[in-house]
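# Inside the fold
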Amino acid sequence: MTGPVPRPLAAVLDGSTPAGVLPWPADRPIADALAAARDAGWSGAVLDLEGVVDKGEFMERCARSLRLPQWFGRNWDALADCLTDLSWCPADGGRLLVLTGWQGYGAAAPDDWSIVEGVLADAVGYWRGTDTGLAVVMVRGPARRGS
């Protein structure tokens, strides 16, 4: 890692703050967030939305990047179901979802993006207070992959 993880994520990973939707600075490699999660016993996944401009492509990226189960119906309800029934994605610790390149989709499809934000917030809330919480990191600006 290039340095200490920003306090909001560190506090979630050490259990001193409930999981939530958190910002991530664009100048920090996302590998730092994933390494910190791994070091804390959490699993991590990256959902890169660069170039996504519609719901269909968003759902495809979710299916591939998150390795959603076969029963994922590629609609908002099915996404919410997958994120609140994580039996298909067992974890000993929490789960960290890193979103990159999301700004373009948010600008191209603001109504859909509003739904995405609600689904993510609801999923985070559903897992809050459990031993396998879900935290979402929103990367501000273009993501830096490596260190």
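This report concerns the structure included in the present document. Quick caveat: nothing in here was measured; it's all calculated off a predicted structure.

## Here's the deal with the sheet that holds strand E2 (residues 43-48)
- What the four strands build is an open sheet, ordered E1-E4-E3-E2; its pairing is parallel. A strand with exactly one partner marks an edge of an open sheet, and here the two such strands are strand E1 (21-24) and E2. Ignoring which end each strand starts from, the neighbouring axes of this sheet average 25 degrees apart.
- Inspection of the sheet shows strand E3 (residues 95-100) paired to strand E4 (residues 134-139) by five bridges, in the parallel sense. The residue bridging Arg95 from the neighbouring strand is Leu134, located in E4.
- Running over the sheet, helix H2 (residues 30-39) touches E1, E2, E3 and E4 and is turned about 175 degrees from E3.

## Here's the deal with the packing of aromatic side chains
- Tallied over the full model, the rule gives five aromatic pairs.
- Pairing Tyr105 with Trp113 gives two aromatic rings, centres 6.0 Å apart and planes at 85 degrees, and the pair type is edge-to-face.
- We classify Tyr105 as buried; its relative accessible area is 0%.
- Here Trp113 falls in the buried class, since its relative accessible area comes to 6%.
- Between the aromatic rings of Tyr126 and Trp127, the centroid separation amounts to 5.1 Å while the plane-to-plane angle is 80 degrees, which identifies the pairing as edge-to-face.
- Joined through ring pairs, the aromatic side chains of Phe58, Trp76, Trp102, Tyr105 and Trp113 make up one cluster.
- Here the basic side chain of Arg95 rests over the ring of Trp127, its NZ or CZ set 5.5 Å away from the ring centre.

Definitions and limits used
Just so you know, the residues in each chain are numbered from 1, in the order the chain's sequence is written. In keeping with the model being predicted, local features are shown solely for residues with a pLDDT of at least 70 and side-chain atom pairs are shown and tallied solely at 80 or more, while totals for entire chains, interfaces and linings include all residues. Think of the side-chain values as coming from all heavy atoms in the structure, minus any hydrogens and water. When DSSP finds two or more bridges between two strands, those strands count as paired. The numbering of helices and of strands both runs from the N terminus, where a helix is a DSSP run of H or I of at least 4 residues and a strand a run of E of at least 2. The axes used here are C-alpha line fits, helices contributing only the stretch in contact, and every angle between their N-to-C directions lies in the interval 0 to 180 degrees. In what follows, a contact means two residues having at least one pair of non-hydrogen atoms within 4.5 Å. Within 6.5 Å between ring centres, the rings of Phe, Tyr and Trp (the latter by its six-membered ring) count as paired, and their orientation is classed by plane angle as stacked under 30 degrees, edge-to-face over 60, tilted in between. Burial classes follow relative accessibility: with a 1.4 Å probe on protein chains only, a residue under 20% of its type's maximum area counts as buried, one over 50% as exposed, and anything between as partly exposed. Criterion for a charge above a ring: Arg CZ or Lys NZ at most 6 Å from the ring centre, at most 35 degrees from the ring normal.

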